[in-house]
Amino acid sequence: GGPRESKVRVRAHFDYIASSDPYIPCKEAGLDFLKGDVLHIVSQDDAYWWQARKEGDRNMRAGLIPSRALQERRILHERSNEDKSDSEAEADDFAREEIATYEEVAKLYPRPGLYRPLALVGPPGVGRAELKRRLMATDPSKYRSPVPFTTRAQRPGEVDGKDYYFISREKMEEDVAAGKYLEYGEYKGNLYGTSIDSVLALINAGHVCILNPHYQALKMIRTVQLKPYIIYVKPPLFDTLKETRTAAHAKSTFDENSRAFTDEELRQMIHRGERVEFMFSHLFDDTIVNADLSAAFETLMRIASSHLVK
Ligand code: 5GP
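Residues numbered from 1 in each chain as written. Predicted model: local features only at pLDDT ≥ 70, side-chain atom pairs only at ≥ 80, totals over all residues.

Looking at an unreviewed UniProt entry, one finds the chain named MAGUK p55 subfamily member 7 and attributed to Apolygus lucorum. Under the UniProt heading Sequence similarities (unreviewed entry), the entry covering the chain gives this text: "Belongs to the MAGUK family." (UniProt positions renumbered as here; feature names shortened; annotations may be inferred.)

Shown next, in the form of structure tokens:
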């Protein structure tokens, strides 16, 4: 008996008045709310219209509200009408991070006795993958990273559930629309992403979950209450960057592409780093300048062992 328990609670980041929404299938069925209201999501079965109740509402009436995907789309649409002057692709990526729709609240985590996840953020190429690899190698039973999902075909030798979870595009799009992914992206026509549940599973099993999100995925840090410890991996000044990423050096340490970076790529790395810092520095818990890799790794180890308190 009693009203159905809702599993998902979200805080709204926008006002909604159903009677002035021209797209709602039935105005009477809509649920009005204000920015800051906490909503209990009763159903996410429809990709565009969720059913929700308002917390603190006397009768807790359930009504239709726009889904996260629908609201994001509307905001993007409004923005593209407002400002067509800034057409730089990268600027659009950053604009996307600014869309605040619903923020999940009061997940089971954080709980005492569990580790906060550790997220390494920074521009592509700065060496986050290598830092992560080294950290995980120090204690593979403590440090874990979630197995990503993908829609691409399984290759010979790959193990489902180990290399990736291989799923259909239909299923993945459905789950993305339902807000089940921390981050996702498309690469060569296939979708890739990390689910919130797979991160929670690692946390709840007592691991330090290591995340390496692309800067475009930093939004998850704001919208999902995983309380990650966020470390910004910063490129050093150009001369030092060039010196530490020469061909010989790259071979032994920064071997992500098994070649040295061009000056242009190094400048782009610094530029991207500045943008990431400009947009997100208020979210950083720590910064590591990755000039000398061994020194950077030592700093990471020190942070990981002292700050990642349970
Ligand atoms: P592959 O298909 O060769 O295994 O991976 C190709 C690319 O997919 C990787 O280089 C990476 O850019 C992307 N990728 C892999 N896992 C993820 C993920 O969890 N999220 C996102 N956004 N991209 C991923």
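On we go.
As a further point, take the overall build of the chain. Helix and strand content of the chain: 10 helices and 14 strands. In the chain, which comprises 310 residues, the proportion classed as buried is 29%. For the chain, contacts bridging at least 24 residues in sequence account for 64% of all contacts bridging at least 6. (Helix = DSSP H or I, 4+ residues; strand = E, 2+ residues; numbered from the N terminus. Buried ≥ 20, exposed ≤ 12 C-beta atoms within 10 Å, placed from the backbone. Contact = placed C-beta atoms within 7 Å.)

Because an α-helix completes one turn every 3.6 residues, residues spaced three or four positions apart along the sequence face the same direction. The set of residues buried in helix H3 (residues 128-138) consists of Arg128, Leu131 and Leu135. In a view along the axis of H3, the buried residues occupy a sector of 65°, so they form one face of it. Buried-residue contacts for H3 involve strand S6 (118-121), strand S7 (143-144), strand S12 (208-211), strand S13 (229-234) and helix H10 (293-306). (Arc of directions from axis to C-beta.)

A separate point is the pairing of S6. The alternating pattern of S6 places Leu118 and Leu120 on one face and Ala119 and Val121 on the opposite face, and all of these are buried. Pairing analysis gives two bridges linking S6 to S12, with the strands arranged parallel. What sits directly across from Ala119, in S12, is Leu211. With four bridges joining them, S6 and S13 adopt parallel strand pairing. Within S13, the position partnered with Ala119 by the bridge is Ile230. (Pairing = 2+ DSSP bridges.)

Glancing now at the site of the ligand. By nearness alone, every residue bordering the ligand is listed as Pro148, Arg152, Glu183, Tyr184, Gly185, Tyr187, Tyr192, Gly193, Thr194 and His214. Every element with two or more residues in the shell around the ligand is listed here: strand S10 (181-187) and strand S11 (190-195). A total of four residues in the shell around the ligand trace back to one element, the largest contributor, which is S10. For the shell around the ligand, the class distribution of residues is four nonpolar, four polar and two charged. (Near = placed C-beta within 6 Å. Nonpolar A, V, L, I, M, F, W, Y, C, P; charged D, E, K, R; others polar.)

With that settled, the discussion passes to the sheet that holds strand S14 (residues 286-289). In spatial order, the strands read S7-S12-S6-S13-S14; together these five strands make up an open sheet with parallel pairing. The open sheet terminates on both sides in strands that have one partner only, identified here as S7 and S14.

So, on to the sheet that holds strand S2 (residues 38-43). Spatial ordering of the open sheet is given by S4-S3-S2-S1-S5, a layout of five strands whose pairing is antiparallel. With partners counted over all chains shown, the strands left at the sheet margins are strand S4 (63-66) and strand S5 (102-104), one partner each. Within the sheet, the average angular offset between the axes of one strand and its neighbour, ignoring direction, is 50°. Taken together, the four bridges between strand S3 (residues 49-54) and S4 define a ladder with antiparallel strand orientation. Along S4, the bridge assignment pairs Gln51 with Leu64. (Axes fitted to C-alpha atoms, helices over the stretch in contact; angles between N-to-C directions.)

Another point: the packing of H3 against H10. The contact between H3 and H10 brings their axes to 10 Å, and the two run at 55°. Comparing the axis directions of H3 and H10 gives the class oblique. Every pair of crossing elements has a handedness; the one defined by H3 and H10 is right-handed. Contacts from Glu130, Leu131, Arg134 and Leu135 of H3 reach H10 at Leu293, Ala296, Phe297, Leu300 and Ala304. Residues that form the contact of H3 with H10 fall into these classes: seven nonpolar, no polar and two charged. (Parallel < 35°, antiparallel > 145°, perpendicular 65-115°, else oblique. Left-handed = near helix turned anticlockwise from the far one by under 90°.)

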